[in-house]
Amino acid sequence: MFSRIFNFLIGMMFIFYGIFALTLKKINTKPGMAPITDLNFGYLWLIAGFLLIGFGVAFLYLSFRSEKRIKNYPLFLRCVGCGKFYNFSDVKENPICKACGEKLVKEDEYENAINQKEAERLRAERIANGIIKPKKSKRKVKRK
Ligand SMILES: [Zn+2]
């Protein structure tokens, strides 16, 4: 969050300098103080102006890009079966563990996936031991 504000301020600064360069053909790098960079030399003001605005837009993009887009590309995926880590770029086409064949999930989904898998395993065990009965379809059972 903090870096977003920082990127936004930097972006705005670059764009302001870019506008100064394009309109006044000079940049006042320290407002209120002396050093003014004179750009009225050939097309220098034009080049500098567009470069500065380009930098500004890049920083604004960094500050406004969606959180979701960042989260869609995790660095690592983790196997639900054996806990092995994989580089996301190595397995993004086919997120299946090469060691045990289980599915791979993002690190923040790992706990949930493990808990769910454990719950399924316990349920299967209880069904096997006859402690609980497997879920039946919604067919009504007639009693006599
Ligand atoms: Zn595995």
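Refer to the structure above for everything that follows.
Q: Before we go on, may I ask you to explain the overall build of the protein in this structure?
A: A count of helices and strands for the protein gives five helices and five strands. Mapped from its N terminus to its C terminus, the protein presents α and β elements in the order α-β-β-α-α-β-β-α-β-α. The buried share among the 144 residues of the protein stands at 12%. Sequence-distant contacts, at least 24 apart, represent 43% of the contacts inside the protein between residues at least 6 apart.

Q: Mind showing me how you'd approach the nonpolar core here?
A: In summary, soluble globular proteins display a tendency toward joint burial of nonpolar side chains. Residues Phe14, Tyr17, Phe20, Ala21, Ile27, Leu39, Trp45, Ala48, Leu52 and Phe59 constitute the largest nonpolar core, which totals ten residues. Only α1 (2-24) and α2 (44-64) provide two or more residues apiece to this core.

Q: Sorry if this is basic, but what is going on with the environment of Asp38 here?
A: Among the secondary structure elements, Asp38 is positioned in strand β2 (residues 36-38). In sequence terms Asp38 and Lys25 are 13 residues apart; their C-alpha atoms lie 6.7 Å from each other.

Q: Just checking my understanding: could you explain helix α5 (residues 107-128) for this structure?
A: The α-helix winds at 3.6 residues per turn, so residues separated by three or four positions along the chain end up facing the same way. Over its 22 residues, α5 extends 32 Å from the first C-alpha to the last, a length consistent with the 32 Å expected when each residue adds 1.5 Å. Within two residues after α5, Gly130 carries a phi angle of roughly 75°, on the positive side.

Q: Sorry if this is basic, but what is going on with α2 here?
A: The terminal C-alpha atoms of α2, which comprises 21 residues, lie 30 Å apart, in line with the 30 Å expected from a rise of 1.5 Å per residue. Those residues of α2 not exposed but buried are Trp45, Ala48, Gly49, Leu52, Gly56 and Phe59. When α2 is viewed along its axis, its buried side chains cluster within an angular range of 100° and face the same direction. Every exposed residue of α2 that faces more than 90 degrees away from the buried side is listed here: Ile47 and Tyr61.

Q: Would you take a moment to explain the pairing of strand β3 (residues 76-79) for this structure?
A: Look at any regular strand and the pattern is simple: side chains alternate between the two faces of the sheet. Bridge count between β3 and strand β4 (residues 85-87): three bridges; the pairing is antiparallel. Opposite Phe76, over in β4, you have Asn87 as the bridge partner. In this structure, the hairpin formed by β3 and β4 is closed by a connection of five residues, where Gly83 is found at a positive phi of approximately 80°. The sheet contact formed by β3 and strand β5 (residues 104-106) spans three bridges and is antiparallel. Looking at the pairing, Arg78 lines up with Val105 of β5.

Criteria and thresholds
- Residues numbered from 1 in each chain as written.
- Predicted model: local features only at pLDDT ≥ 70, side-chain atom pairs only at ≥ 80, totals over all residues.
- Helix = DSSP H or I, 4+ residues; strand = E, 2+ residues; numbered from the N terminus.
- Buried ≥ 20, exposed ≤ 12 C-beta atoms within 10 Å, placed from the backbone.
- Contact = placed C-beta atoms within 7 Å.
- Core = buried A, V, L, I, M, F, W, Y, C linked by C-beta atoms within 7 Å.
- Expected span 1.5 Å × (residues − 1).
- Arc of directions from axis to C-beta.
- Pairing = 2+ DSSP bridges.

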